[in-house]
Amino acid sequence: MALSRSARLGVLVTAAASFLAIAASSAPRPGADGIGDPYFPQLGNGGFDARHYALDVAYNPDTDRLDGRTTLTAHATQNLSSFDLDLQKLQVTGVEVNGRRAQFTREGDEIRITPKGVLSKGRDFTVTVTYGGVPEPLGGPIVFGSSYGWMKTADGVFVACEPNAASTWFPSSDHPSDKATYDIRITAPKGLTAVSNGRLISTHGEGGQTVTHWRESRPMATYLATATIGKFDVKTGRTPSGIPIYVAIDPVLAGSNSVDVYGVTAEATDYWSKIFGPYPFEETGAIVDDMPEAGFSLEVQSKPAYSAVRSESTIVHELAHQWFGDSVSVEHWKDIWLNEGFATYAQWLWSEHRGTASAHDSFLAGYNSRPADSSFWQVKVADPQRDTMFASAVYQRGAMTLQALRERIGDTAFFKLLPAWTKLHRYGNANTDDFMRLAEKISGQQLDDLFQKWLFTTGKPAL
């Protein structure tokens, strides 16, 4: 069959248009200045995937000055003419890409970096940023009205950065969807201990300073990174199952230590490993600092950070986050109930484990204590909005959702679901739809009505 002349022309035009479209799509262009998270549109960056951070930071507690050098190894996902990193307020003194000096500009909390040549799609590259200044903690309504981020203490600094404060102390792609591994080297005055994520690699003296090297070899979201510095009593060992443990406690708190932080951490890590699946990291532990201005604790990866000696229930909550939040991280911040609802439900499971209350009783206590006209029931758990992303409903109604699910599908399916979830998304990211699909697959039931009622609808659900 032969084509007519007009048909042949049409084929040529179509082919030319396709060629031009492909050429345009492969042309070098700037990476986006954010991943487009509705809660924090400019957090994270487009055009590359972060692979590894090498952080070198030096901190002077007398002046509160931080001097840093961050080298990020990244993988280009498009042909890049330029790209962004997130950094809040600190001054940048130099940028290199693949060892060559690069141009940069600042706009708000963005660094726009222009390398000397195009960064090709599919290739790895390195960017090194030298910077310094006095980091400032963030505030506002998000974290219970508390300051958060880089917070000065009497003897050093307490670093807890959820959701958007990692970029107050190191340049990064500051969104949980862009996880990476880390080497963190901290220089601080002798007599102080610097605690960070993963395993302690080395400690050595340099003049009047101590350089401490920590390595987190499992992918980590930026907000989970820490460089907490101060005077600490350190206890190390292994849990009964053999997991390495590192617990650092401010000696100021020794007299008020009514909870065996080391013992509870070891016991809970092992117990959650039986319920949620294998412990996902190389070490467990705790950082307990004297920081009364911070009214919260944070699930810092491998070592939750506590701003005071907290209850056993809080410890088991933060350790549950090692699976729900740290290993399996949210795809967007609106999915935060996948972190907080699960960790709160873990507290109910711990009470059940201890024999003090069943999860069903904990559910009813929370449900019955709040009247139908309470503002608690007006938060949509699956999309709570930025300034109320840590509202109590995200925690408590999120946990209620899990108990309602457990009672619908039964214990056998429910306790198969939890480790299946942590295995399927280990070291990655997930969203609410992913969880609903897995729950339906494992249970063999259609569950739209349950999730619609508990996660996507406001008002007090009928039982």
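Residues numbered from 1 in each chain as written. Predicted model: local features only at pLDDT ≥ 70, side-chain atom pairs only at ≥ 80, totals over all residues. Heavy atoms only, no water.

Observations concerning the sheet that holds strand S4 (residues 80-86)
So, point 1. Here four strands make up an open sheet; going across it, the order is S1-S4-S8-S7 and the pairing mixed. The open sheet has two edge strands with one neighbour each: strand S1 (29-30) and strand S7 (103-107).
So, point 2. Pairing analysis gives five bridges linking S7 to strand S8 (residues 110-114), with the strands arranged antiparallel. Across the sheet, arginine 106 pairs through a bridge with isoleucine 111, a residue of S8. (Pairing = 2+ DSSP bridges. Helix = DSSP H or I, 4+ residues; strand = E, 2+ residues; numbered from the N terminus.)

Let's talk about helix H8 (residues 432-443)
So, point 1. With 12 residues, H8 should cover 16 Å at 1.5 Å per step; its first-to-last C-alpha distance of 17 Å lies within 8% of that length.
So, point 2. Buried residues along H8 sit in contact with helix H4 (337-354), helix H6 (392-409), helix H7 (411-424), strand S23 (429-430) and helix H9 (448-455).
So, point 3. With a side-chain oxygen positioned 3.1 Å from the backbone nitrogen of aspartate 433, the residue opening H8 is asparagine 431. (Expected span 1.5 Å × (residues − 1). Contact = heavy atoms within 4.5 Å. Polar contact = N/O pair within 3.5 Å; in protein donor to acceptor, adjacent residues only side chain to side chain.)

With respect to the nonpolar core
So, point 1. In this structure, Trp169 and Trp272 are the most contacted members of the largest nonpolar core, which totals 146 residues.
So, point 2. The contact partners of tryptophan 272, leaving out residues within four places of it in the chain, are Gly277, Val316, Leu319, Ala320, Trp323, Ala346, Leu349 and Trp350. (Core = buried A, V, L, I, M, F, W, Y, C linked by side-chain atoms within 4.5 Å. Buried < 20%, exposed > 50% of the residue type's maximum accessible area, 1.4 Å probe, protein only.)

Structural notes on the packing of H7 against H8
Any two packed helices are characterised by how steeply their axes cross, that is the angle between the axes, and by the distance between the axes.
So, point 1. At their nearest, the axes of H7 and H8 sit 10 Å apart, and the two run at 135° to each other. Looking at the two axes, H7 sits oblique to H8. Crossing hand, H7 versus H8: right-handed. Here H7 contributes Ala413, Lys416, Leu417, Ala420, Trp421 and Leu424 to the contact with H8, which in turn contributes Asp434, Phe435, Leu438, Ala439, Ile442 and Ser443.
So, point 2. Here the contact of H7 with H8 is composed, by residue class, of nine nonpolar, one polar and two charged. (Axes fitted to C-alpha atoms, helices over the stretch in contact; angles between N-to-C directions. Parallel < 35°, antiparallel > 145°, perpendicular 65-115°, else oblique. Left-handed = near helix turned anticlockwise from the far one by under 90°. Nonpolar A, V, L, I, M, F, W, Y, C, P; charged D, E, K, R; others polar.)

Side note on the pattern of salt bridges
So, point 1. All chains considered together, the criterion is met by 12 salt bridges.
So, point 2. The partner of arginine 65 in a salt bridge is aspartate 67, and the shortest N-O contact between them spans 2.9 Å.
So, point 3. You can call arginine 65 partly exposed: its relative accessible area is 37%.
So, point 4. Aspartate 387 serves as the salt-bridge partner of arginine 386, at 3.0 Å between the closest nitrogen and oxygen.
So, point 5. We classify aspartate 387 as partly exposed; its relative accessible area is 37%.
So, point 6. When salt bridges with common partners are traced through the structure, they connect Arg199, Glu283 and Lys303 into a single cluster. (Salt bridge = Lys/Arg side-chain N within 4 Å of Asp/Glu carboxyl O.)

Some points on the confidence of the model for the protein chain
So, point 1. Averaged over all residues, the pLDDT of the protein chain equals 94, while 94% of them reach at least 70.
So, point 2. Confidence drops under pLDDT 50 across residues 15-23; counting only partners more than four residues distant or on other chains, this segment forms zero contacts. (pLDDT = per-residue confidence, 0-100.)

Section: the UniProt feature "domain: Aminopeptidase N-like N-terminal" (unreviewed entry) in the protein chain
So, point 1. As annotated by UniProt and renumbered to match this structure, "domain: Aminopeptidase N-like N-terminal" (unreviewed entry) occupies residues 51-224.
So, point 2. Structurally, residues 51-224 comprises 0% helix and 57% strand, and the distance from its first C-alpha atom to its last is 16 Å. (UniProt positions renumbered as here; feature names shortened; annotations may be inferred.)

Section: unusual backbone geometry
So, point 1. Backbone torsion omega between glutamate 162 and proline 163 reads 0°, so that peptide bond is classified as cis.
So, point 2. Within the secondary structure layout, proline 163 lies in the loop between strand S11 (157-160) and strand S12 (180-189).
So, point 3. Within the chain, phenylalanine 144 stands out as a residue other than glycine whose phi angle is a positive 55°.
So, point 4. With respect to the helices and strands, phenylalanine 144 occurs in the loop between strand S9 (124-133) and strand S10 (149-152).

A word on the sheet that holds strand S19 (residues 284-288)
So, point 1. With mixed pairing, the five strands of this open sheet are ordered in space as S17-S18-S19-S21-S20. Each edge of the sheet is formed by a strand with only one pairing partner; in this case those strands are strand S17 (233-238) and strand S20 (297-298).
So, point 2. Pairing of S17 with strand S18 (residues 244-249) involves six bridges; the strand directions are antiparallel. If you follow lysine 235 over to S18, its bridge partner there is valine 247.

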